[in-house]
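Each chain, letter by letter, is given below.
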Amino acid sequence: MALPFLSIPANIITNITESRLFGILWESLPRLLSYGIRVTVPLTIVSFILALLISVVVAMIQYADVKILRQICRFYIWVIRGTPLLVQLYLVFYGLPSVGITLDALPTAILVFGFNEGAYMAETMRGALQSVSVGQVEAGYCVGLNYIQIMWHIVLPQAFRTAFPALSNSLISMLKGTSMAATITVMEMFRQAQVINGRVYESLGLYTEVALIYLLFCTLLTWLQHKGEKKLASFGGTKK
Amino acid sequence: MMLKIRDVHKRFENTDVLKGIDLDVEKGDVVAILGPSGSGKTTFLRCVNFLERADKGTINFDGITVDMPTATKQMIHTLRKKTAFVFQNYNLFQNKTVLQNVTLGLTAGLHMNKAEARDIAEDALRRVGMADKLTSYPVQLSGGQQQRVAIARGLASSPEIIYFDEPTSALDPELIGEVLAVMRRLAEEGMTMLVVTHEMEFARSVSSRVLFMEGGYVIESGPTAEFFQHPKTQRSQEFIHSLLSARE
Ligand SMILES: Nc1ncnc2c1ncn2[C@@H]1O[C@H](COP(=O)(O)OP(=O)(O)OP(=O)(O)O)[C@@H](O)[C@H]1O
Ligand SMILES: [Mg+2]
């Protein structure tokens, strides 16, 4: 995509008028949106699915009280929740190559975001699993179900329903969090805004613009969350 | 003898809750398990269905003898297929409809096909008067309705015996009658039942035998009429007396 302003020499850009600013913002909009849709959103979705898988496994290990694995899970949650996401990104991307583990920027971002949010979501899931009454589990055994059937038919569906709002929040915070991938050179939406800004020096305008795009995405997710909650509420009955 | 339970012991941390409980149940018996609060009635029933692991004791069910502390998962599963359990607080599956609550054990637990399970479930729900609520969820039902669905869930697998742990204790007074009526009908149809209850009128008029427990021991055990008219021990006399005076 040819963006005419990108070739304008810097000394002219310093004299940009208000109408020029809007021109820049208008022309960078499709570019930012395109990076948002092609990079930020898929990065969020893939990382979230990873986080979801991790969280369910980690929560179920604790729920079932599997001996040594349980300790490993607690350790994982302790470390992840006790260190900053930004530091985790740097550690994996800039630190690990020195011990021979080199990952590309994008896989690094997916792994770090997945494992990071996975720790928080595991705690959400653990609470949700425990909120399903023990009596239902016992009733399951009494009608001849085994542990896996009880988890699959009774406990997990109810836990997901309970956890849904909190998991949605995780998804929204993850979407915003993907902007941190810019710091390890992933060319996503925010990084793109930085690149454009590096040429046109319109920090206020461009960062406001990118903020509004994040806001738009998050608003869409919030809307989906409400839809989902309504759907889940009808499924399981509403109190009379 | 259909069910022969011997010398059940159970200890929680440092309190002995069951100190050697024996019980014989014949086919068609309705045994009322009575006793003051904390005497171990619930614990006994839970041990018998392996919801709690007894520290000592044996069960003989239809000729199969099982050592309670060491019974394997397989063994427990086999025994549970012959029994049903009705809880004080119903414990219906909250994410399932009335019909699904009853069919789940049949399809997933007993590997029936869906159509067959549905027929059996509808029949069981009809027997407890809940056939008109198939698509309701538990939260949409009254306590009495939930407990009747729970009974249907137990009935559906054609158990040889049903254990009831205070099935009406969580109910509002005006809902107790509908559940007791269902149980009374089951008793008349010859269902074998083990019922922990504080409903003396029900115990007196429906049960065939009484097991009176206190402090983890069986104080008295015998035919219902005998227990209420000529209690053998002083404790049973006091217990019956306290219930009669409590009602006045
Ligand atoms: N899981 C447990 N851990 C520790 N103690 C327990 C546990 N379950 C029961 N107990 C204790 O065992 C004793 C017997 O309890 P149980 O519930 O069997 O009595 P109960 O006869 O059913 O009483 P109620 O009529 O009040 O239902 C009580 O002292 C109780 O505190
Ligand atoms: Mg009890």
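These remarks concern the structure in this document. It should be emphasised that the depicted structure is a prediction, and the values quoted were computed from it without experimental measurement.

Counting its secondary structure elements, chain B contains nine helices and ten strands. Referenced to the eigenvectors of the C-alpha coordinate spread, the extents of chain B come out at roughly 55 × 45 × 35 Å. Relative to its full complement of 248 residues, chain B shows a buried share of 55%. Long-range contacts, defined as pairs at least 24 residues apart, comprise 62% of the intrachain contacts of chain B with a sequence gap of at least 6. Accessible surface computed for chain B: about 10,700 Å², of which carbon and sulfur atoms make up 48%. Each charge class in chain B was averaged separately, 29 positive and 31 negative side chains, and the resulting centres sit 5 Å apart.

With that settled, consider the interface of chain B and chain A. Facing the 23 residues of chain B at the interface are 22 residues of chain A. If you look at where chain B meets chain A, you find one salt bridge. For the pair chain B and chain A, the interface holds six residue pairs in polar contact (both at pLDDT 80 or more). Only α2 (73-81), β6 (83-86) and α3 (98-109) of chain B provide two or more residues apiece to the side of chain B that touches chain A. Top element by residues in the side of chain B that touches chain A is α3(B). It accounts for four residues. When grouped by side-chain class, the residues that make up the side of chain B that touches chain A number nine nonpolar, ten polar and four charged.

Turning our attention to the side chain of R148(B). Residue and element names in this part refer to chain B. Mapped onto the elements of the fold, R148 is located in helix α5 (residues 143-155). Within polar-contact distance, the side chain of R148 engages the backbone oxygen of V128 at 2.9 Å. In contact with R148, not counting residues within four places along its chain, are V128, G129, M130, E178, V179 and V182.

Let us now look at the site of ligand 1. Residues and elements named next belong to chain B. Close to ligand 1 lie F12, V17, P36, S37, G38, S39, G40, K41, T42, T43, E166 and H198. Contact between ligand 1 and S39: an oxygen atom at 3.2 Å from a main-chain N or O atom of the residue. Contacts to ligand 1 include K41, whose side-chain N or O atom sits 2.7 Å from an oxygen atom. Protein chains bury 60% of the 630 Å² of accessible surface belonging to ligand 1 in isolation. By residue number, the principal contributor to the shell around ligand 1 is helix α1 (residues 41-48), which donates three residues. In terms of residue class, the shell around ligand 1 is built from three nonpolar, seven polar and two charged.

On to the side chain of S207(B). All names here are of chain B. If you trace the backbone, S207 turns up in the loop between α7 (200-206) and β9 (209-214). Assessed through its relative accessible area of 9%, S207 is described here as buried. A polar side-chain atom of S207 sits 2.5 Å from the main-chain carbonyl oxygen of A203. Setting aside residues up to four positions removed in sequence, S207 forms contacts with V30, A32, F202 and T224.

A few words now on the sheet that holds strand β7 (residues 161-165) of chain B. Residue and element names in this part refer to chain B. Reading across from one edge, β6-β7-β8-β3-β9-β10 is the order of the six strands in this open sheet, with mixed pairing throughout. The sheet is open, and its two borders are formed by β6 and β10 (217-223), each paired with just one other strand. Here the average twist between neighbouring strands, direction ignored, is 15°. Two strands pair when backbone bridges link them, and strand β3 (residues 30-34) and β9 are joined in this way by four bridges, in the parallel orientation.

Criteria and cut-off values
- Residues numbered from 1 in each chain as written.
- Chains lettered and ligands numbered in written order.
- Predicted model: local features only at pLDDT ≥ 70, side-chain atom pairs only at ≥ 80, totals over all residues.
- Heavy atoms only, no water.
- Helix = DSSP H or I, 4+ residues; strand = E, 2+ residues; numbered from the N terminus.
- Buried < 20%, exposed > 50% of the residue type's maximum accessible area, 1.4 Å probe, protein only.
- Contact = heavy atoms within 4.5 Å.
- Areas by Shrake-Rupley, 256 points an atom, 1.4 Å probe, with all protein chains shown as cover.
- Lys, Arg positive; Asp, Glu negative; His and termini not counted.
- Charge placed at Lys NZ, Arg CZ, Asp CG, Glu CD.
- Salt bridge = Lys/Arg side-chain N within 4 Å of Asp/Glu carboxyl O.
- Polar contact = N/O pair within 3.5 Å; in protein donor to acceptor, adjacent residues only side chain to side chain.
- Nonpolar A, V, L, I, M, F, W, Y, C, P; charged D, E, K, R; others polar.
- Near = heavy atom within 4 Å.
- Pairing = 2+ DSSP bridges.
- Axes fitted to C-alpha atoms, helices over the stretch in contact; angles between N-to-C directions.

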